[in-house]
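Residue-level structural notes
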Amino acid sequence: MLLIAKISGFFSAAMVIVVVSPSFQSFPPAEAIRSSHIDPFLRFPSHNRLSSEPLSFRRSPFFNNADDCAAPSSSLSVCDPSLVHIAITLDADYLRGSIAAVHSVLQHSRCPESVFFHFLVSDAGLEPLVRSTFPHLRFKFHFFDPNVVRGLISSSVRQALEQPLNYARNYLAELLEPCVRRVIYLDSDLIVVDDVLKLWNTSLGSRTLGAPEYCHANFTKYFTDRFWSDPRLASAFSGRRPCYFNTGVMVIDLDRWRRFGYTRRIERWMEVQKTDGRIYELGSLPPFLLVFAGHVAPIDHRWNQHGLGGDNVRGSCRDLHPGPVSLLHWSGSGKPWVRLDENRPCPLDSLWAPYDLFGPSPQ
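Throughout this description, residue numbers start from 1 for each chain and increase along the sequence as written. Where totals are concerned, whole chains, interfaces and linings use all residues; where local detail is concerned, this predicted model gives features only for residues with pLDDT of at least 70, and gives and counts side-chain atom pairs only at 80 or more. Excluded from the side-chain calculations are hydrogens and water; all other atoms, namely the structure's heavy atoms, are used.

**Describing helix H9 (residues 262-275)**
- The terminal C-alpha atoms of H9 lie 20 Å apart, and with 14 residues this matches the ideal 20 Å at 1.5 Å per residue to within 8%.
- Note on classification: 1.4 Å probe, protein chains only; a residue is buried when its accessible area is under 20% of the maximum for its type, exposed when over 50%, partly exposed between these limits. Working definition: helices are DSSP H or I runs of at least four residues, strands are E runs of at least two. Numbering for both runs from the N terminus. Of the residues making up H9, those classed as buried are Tyr262, Thr263, Ile266, Glu267, Trp269, Met270, Val272 and Gln273.
- A positive phi of about 105° marks Gly277, the residue just after H9. Take the number of residues in a helix, subtract one, and multiply by 1.5 Å to get its expected span.

**Side note on the packing of aromatic side chains**
- Pairs were defined over the aromatic rings of Phe, Tyr and Trp, the Trp ring being its six-membered one, requiring ring centres within 6.5 Å. Orientation was assigned from the angle between planes: stacked under 30 degrees, edge-to-face over 60, tilted for the rest. All chains considered together, the criterion is met by 25 aromatic pairs.
- On the numbers, 5.6 Å between centres and 45° between planes, the contact of Trp337 with Trp352 is tilted. Of this pair, Trp337 sits in helix H11 (residues 336-341) while Trp352 sits in helix H12 (residues 349-352), placing them 15 residues apart in sequence. Trp352 shares its class with Trp337; the two are buried.

**Considering the pattern of salt bridges**
- Definition used for salt bridges: Asp or Glu carboxyl oxygen within 4 Å of a side-chain nitrogen of Lys or Arg. Across all of its chains, the model carries 17 salt bridges by this definition.
- Where Asp194 meets Lys198, a salt bridge forms, and the shortest distance between an N and an O atom there is 2.9 Å.
- Its relative accessible area of 6% is what places Asp194 among the buried residues.
- The residue Arg232 makes a salt bridge to Asp276 at a minimum N-O spacing of 4.0 Å. Taken together, the residues Arg232 in helix H7 (residues 231-234) and Asp276 in the loop between H9 and helix H10 (285-292) connect sequence positions 44 residues apart.

**Re the pairing of strand E1 (residues 84-90)**
- Where burial is concerned, most of E1 is hidden: seven out of the seven residues are buried.
- For E1 and strand E2 (residues 115-121), the ladder comprises seven bridges, and the chain directions are parallel. Bridge assignment links His85 to a residue of E2, and that residue is Phe116.
- A right-handed crossover is one whose linking path, passing over the helix from the first strand to the second, runs clockwise when the strands point away from the viewer. For the segment spanning E1, helix H1 (residues 95-108) and E2, crossover handedness is right-handed. Strands were regarded as paired on the criterion that DSSP finds at least two bridges between them.

**Considerations on the nonpolar core**
- Core analysis: the biggest nonpolar cluster contains 51 residues, and Leu172, Leu209, Phe223, Phe245, Trp257 and Phe292 have the highest contact counts within it.
- The element contributing the most residues to this core is H10, with six residues.
- It only takes one pair of heavy atoms within 4.5 Å for two residues to be counted as in contact. Contacts of Phe245, omitting those with residues within four sequence positions, involve Leu209, Ala211, Pro212, Glu213, Met250, Leu285, Phe288, Leu289, Phe292, Ala293 and Val296.
- Among buried residues, the Ala, Val, Leu, Ile, Met, Phe, Trp, Tyr and Cys ones that are joined through side-chain atoms within 4.5 Å form a nonpolar core. Core analysis: the second largest hydrophobic core is formed by 40 residues, Val105, Val130, Leu199 and Leu357 among them.

**Quick look at the sheet that holds E1**
- Reading across the sheet, the seven strands line up as E3-E2-E1-E4-E9-E6-E10 and stay open at both edges, with mixed pairing between neighbours. Taken across any chain shown, the strands that pair with only one partner, and hence form the sheet edges, are strand E3 (138-143) and strand E10 (297-298).
- Pairing between strand E4 (residues 182-186) and strand E9 (residues 249-253): five bridges, direction antiparallel. Among the inter-strand pairings, Arg182 is bridged to a residue of E9, identified as Asp253.
- The sheet strands contacting H1 are E1, E2 and E4, and the helix crosses E1 at an angle near 165°. Note on method: axes are straight lines fitted to C-alpha atoms, helices fitted across the in-contact stretch only, with angles between N-to-C directions ranging 0 to 180 degrees.

**Overview of H10**
- Along H10, eight of the eight residues are buried, which leaves the element largely enclosed by surrounding structure.
- Those residues of H10 that are buried are in contact with strand E6 (209-211), helix H6 (225-229), strand E8 (244-245), E9, helix H8 (254-260) and H9.
- Positive phi appears at Gly294, one or two residues downstream of H10, with a value of about 90°.

**Topic: the pairing of E9**
- The element E9 is extensively covered by neighbouring structure, given that five of its five residues are classed as buried.
- By the alternation rule, side chains of E9 split into Val249, Val251 and Asp253 and Met250 and Ile252, which are all buried.
- Bridge count between E6 and E9: two bridges; the pairing is antiparallel. Following the sheet pairing, Gly210 is matched in E9 by Val251.

**Some thoughts on the state of the cysteines**
- Cysteine sulfur atoms that pair up within 2.5 Å are treated as a disulfide. Scanning the entire structure with this criterion turns up four disulfides.
- In this model Cys215 forms its disulfide with Cys243; the gap between the sulfur atoms is 2.0 Å. Around the S-S axis, the bridge from Cys215 to Cys243 shows a dihedral of about 100° and counts as right-handed. Here the residue Cys215 occupies a position in the loop between strand E7 (213-214) and H6, and Cys243 occupies one in the loop between H7 and E8, the gap between them amounting to 28 residues.
- Residue classification places Cys243 among the buried positions, given a relative accessible area of 4%.
- One disulfide in the model links Cys317 with Cys346; its S-S distance is 1.9 Å. Looking along the S-S bond of the Cys317-Cys346 disulfide, the torsion reads about -85°, which is the left-handed sense. Pair noted here: Cys317 is in the loop between E10 and strand E11 (327-329) and Cys346 is in the loop between H11 and H12, with a separation of 29 residues, a long-range link.
- Residue classification places Cys346 among the buried positions, given a relative accessible area of 6%.

Note that every value here comes from positions in space, so none of it alone points to a role or purpose.
So this is what it looks like as structure tokens:
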């Protein structure tokens, strides 16, 4: 856990504990998005000052299990019940963020050798880079065919929200092995600063999905006037109190997901958007809200201190929400690696920097 407090000026990248005043400001949630620019040569987008340099990462330190963890075995299969399963997307534009996220999980986990990563990719060519950066990591690549969802994606307020890999989370139950019964889904623009086993052990009760909920948010803004003015559509939320939740951090019961066919339910709402007129504007988030809002197992807000990337247009700097922090999430348009490289960081970006493995190994 991270203790947060307010100081003037920028934070030192080496800080472990940060102190902030109790007068926090809450901001409207921002959906984490993915850049629309995919460079086939695995170089950073042109707005980054490192765009001429190929991606290169230092090797991560090796993190051992604590004495009270289950004894690790190199022969463990993905079906071993002692494993903690984490799914995260991996592509060229967000690779630096994904590597930092994995590094943060391992560094703060009590049993890092028992964590299994499922990388959702549309380009298998990234596997050698992951192996060289994390030689001891338990992981598997799962290829997500963009054509599976391309015909269901409607135009959005920003082209970046239309990228097929944003929708891979909808298909976790089909992509992962049937023996994987539960998974944590994490976005690529976050760091974990607490033991992920605590999140893994969250009780979902009778729910399929768990996430931090934000019931103070203006829920109506996630859907168009046409949606709310059509009783047939708006009745989708009848009998439940829908609350916003950010789909960048979720604990999912895959057994229940498969049993009740939630992938198809999400697809049906995407089809409504395509065929019956616009009912939302924000990419992959609204179909999740339509299916699950009001039926979510609430998880402590410490597990998604989101919105640190600012809004989806300006990427302005933001403070943390009140309370303890176990996960910091740069949802929104501003990403810490971009702002740091351009020498215009927000104060909290320096908390991301210690987990950044980008760059050649020191000689």
